[in-house]
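Chain by chain, the residues:
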Amino acid sequence: MEKSTFNFGRLVFSERFRNSSRAKKIAAIAVFAAMSVVTNMFLELKMFDIQFSLTLFFSAVTGVAIGPLAGFLTCIFGDFIGYLFSPGGMIYMPWVGVSTGLFAFLSGLILGRIFDKTEDVTYGKIFIRLAIYVVVSFFVCTIAVNSTGFYVYNYYVGFGKNFVRFAAENFGGDCNFFVYVLYRLFFLGQIWNSVANYALLFIFFPTLKRVLKTRRAD
């Protein structure tokens, strides 16, 4: 029974906040939710149809910092609040928030224990876990959730002329899901946005681990 409770607690909060007071947990969630809002509102760059943001990076950091489920809910909340403050004339697209939350959930699940005091995780294991996170989060969040949500939405409201032209020129006018994913990843540049964010994670987490290890040694 105790083992089950421990596992559930690890699923909700990270080691750092698992045994903290309710006030400290709420404060941590509020801080990271605010970071998510700032990321959604101010750390995005859009040029024509290409959009770059640091949402993936900050979502992953959130999941590792406060835990899988706490990070999931925090990022969804932050995405929604960010939309309320800066809708940009767009309707709210819930699958974007869900994919953002899943980035945090998966990072907390896959990467969270690399900073546990009870875990002696080598840098090699960190890079392996990061590689696993990249593959899993890319297919789950970017493809299965985000791209599917946009595809279904555009399928019913009507595909944009640029995508229709892309499908006509390269796939004989076939506007299926596979064609849309290729268009979104490469023509709209989402693959490069993902690569940039994942590269930051490969730099950030090993560096943070090294800093924390040095501080503990001192």
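Calculation notes
Residues numbered from 1 in each chain as written. Predicted model: local features only at pLDDT ≥ 70, side-chain atom pairs only at ≥ 80, totals over all residues. Heavy atoms only, no water. Helix = DSSP H or I, 4+ residues; strand = E, 2+ residues; numbered from the N terminus. Buried < 20%, exposed > 50% of the residue type's maximum accessible area, 1.4 Å probe, protein only. Contact = heavy atoms within 4.5 Å. Areas by Shrake-Rupley, 256 points an atom, 1.4 Å probe, with all protein chains shown as cover. Core = buried A, V, L, I, M, F, W, Y, C linked by side-chain atoms within 4.5 Å. Axes fitted to C-alpha atoms, helices over the stretch in contact; angles between N-to-C directions. Parallel < 35°, antiparallel > 145°, perpendicular 65-115°, else oblique. Nonpolar A, V, L, I, M, F, W, Y, C, P; charged D, E, K, R; others polar. Expected span 1.5 Å × (residues − 1). Bend = angle between axes of the 7 residues up to and from the residue. Patch = residues over 30% accessible without salt bridge, like charges linked within 9 Å, V, L, I, M, F, W, Y side chains within 5 Å. Salt bridge = Lys/Arg side-chain N within 4 Å of Asp/Glu carboxyl O. Left-handed = near helix turned anticlockwise from the far one by under 90°.

K.L.:
Please explain the overall build of the chain as it appears in this structure.
P.N.:
What the chain contains, in helices and strands, is ten helices and two strands. N-terminal to C-terminal, the α/β element order of the chain is α-α-α-β-β-α-α-α-α-α-α-α. Burial statistics for the chain: of 218 residues in total, 43% are counted as buried. Taking as baseline every contact in the chain between residues at least 6 positions apart, the subset at least 24 positions apart corresponds to 71%. For the chain, the exposed surface amounts to about 12,200 Å²; the carbon and sulfur share of it is 68%.

K.L.:
Sorry if this is basic, but what is going on with the nonpolar core here?
P.N.:
The nonpolar side chains of a soluble globular protein tend to be buried with one another. Ranked by internal contacts, the top residues of the largest apolar core, which has 40 residues, are Leu111, Ile114, Tyr133, Phe163, Tyr198, Leu201 and Phe205. Elements with a minimum of two residues in this core: helix H4 (55–66), helix H6 (94–110), helix H7 (123–157), helix H8 (161–171), helix H9 (177–187) and helix H10 (190–217). Apart from residues lying up to four places away in sequence, Tyr198 is in contact with Leu56, Phe103, Tyr133, Val134, Ser137 and Phe138.

K.L.:
Quick question: what am I supposed to make of the environment of Val140 here?
P.N.:
Along the chain, the position of Val140 falls in helix H7. Judged by its relative accessible area of 31%, Val140 falls in the partly exposed class. Between the C-alpha atom of Val140 and that of Leu106, which follows or precedes it by 34 residues, the distance is 9.4 Å. When near neighbours in sequence (up to four residues on either side) are disregarded, Val140 contacts Leu102, Leu106 and Val145.

K.L.:
Looking at this model, I keep getting lost on the packing of H8 against H9. Mind explaining?
P.N.:
When two helices pack together, their arrangement is given by the angle between the helix axes and by the axis-to-axis distance. With their axes 10 Å apart at the nearest point, H8 and H9 run at an angle of 110° to one another. The orientation of H8 relative to H9 falls into the category roughly perpendicular. Listed contacts from H9 to Asn162, Phe163, Phe166, Ala167 and Phe171 of H8 are Val179, Tyr180, Leu182, Tyr183 and Phe187. The residue makeup of the contact of H8 with H9, split by class, is nine nonpolar, one polar and no charged.

K.L.:
Looking at this structure, how should I read H7?
P.N.:
What sets the pattern is the α-helix's 3.6 residues per turn: residues three or four places apart point alike. Across its 35 residues, H7 extends 47 Å between first and last C-alpha, which sits within 8% of the 51 Å expected from 1.5 Å per residue. Where H7 bends most, at Ser137, the angle is about 30°.

K.L.:
Explain the side chain of Thr62 to me, please; I cannot follow it from the model alone.
P.N.:
As for its placement among the helices and strands, Thr62 is situated in helix H4. Leaving out residues up to four positions away in the same chain, Thr62 has contacts with Phe32, Gly67, Gly71, Thr74 and Cys75.

K.L.:
Would you take a moment to explain the environment of Thr62 for this structure?
P.N.:
When its relative accessible area of 3% is taken as the criterion, Thr62 is described as buried. Sequence separation between Thr62 and Met35 is 27 residues; the distance between their C-alpha atoms is 9.0 Å.

K.L.:
Would you explain a nonpolar patch on the surface in this entry?
P.N.:
A cluster of nonpolar side chains, Phe52, Phe186, Trp192 and Val195, forms an exposed patch at the surface whose accessible area comes to about 410 Å². Position of Val195 among the secondary structure elements: in helix H10. According to the relative accessible area criterion, Val195 is partly exposed, its value standing at 45%.

K.L.:
In this structure, what is going on with the packing of helix H5 (residues 68–85) against H6? I would like to understand it.
P.N.:
Where H5 meets H6, the axes come as close as 7 Å, and the angle between the chain directions of the two elements is 155°. Our classification of the angle between H5 and H6 gives roughly antiparallel. Along this stretch, H5 crosses H6, giving a crossing that reads as right-handed. Facing H5, whose interface residues are Pro68, Leu69, Gly71, Phe72, Cys75, Ile76 and Asp79, H6 presents Val96, Gly97, Val98, Thr100, Gly101, Leu102, Ala104, Phe105, Gly108 and Leu109. The class makeup of the residues in the contact of H5 with H6 is eleven nonpolar, five polar and one charged.

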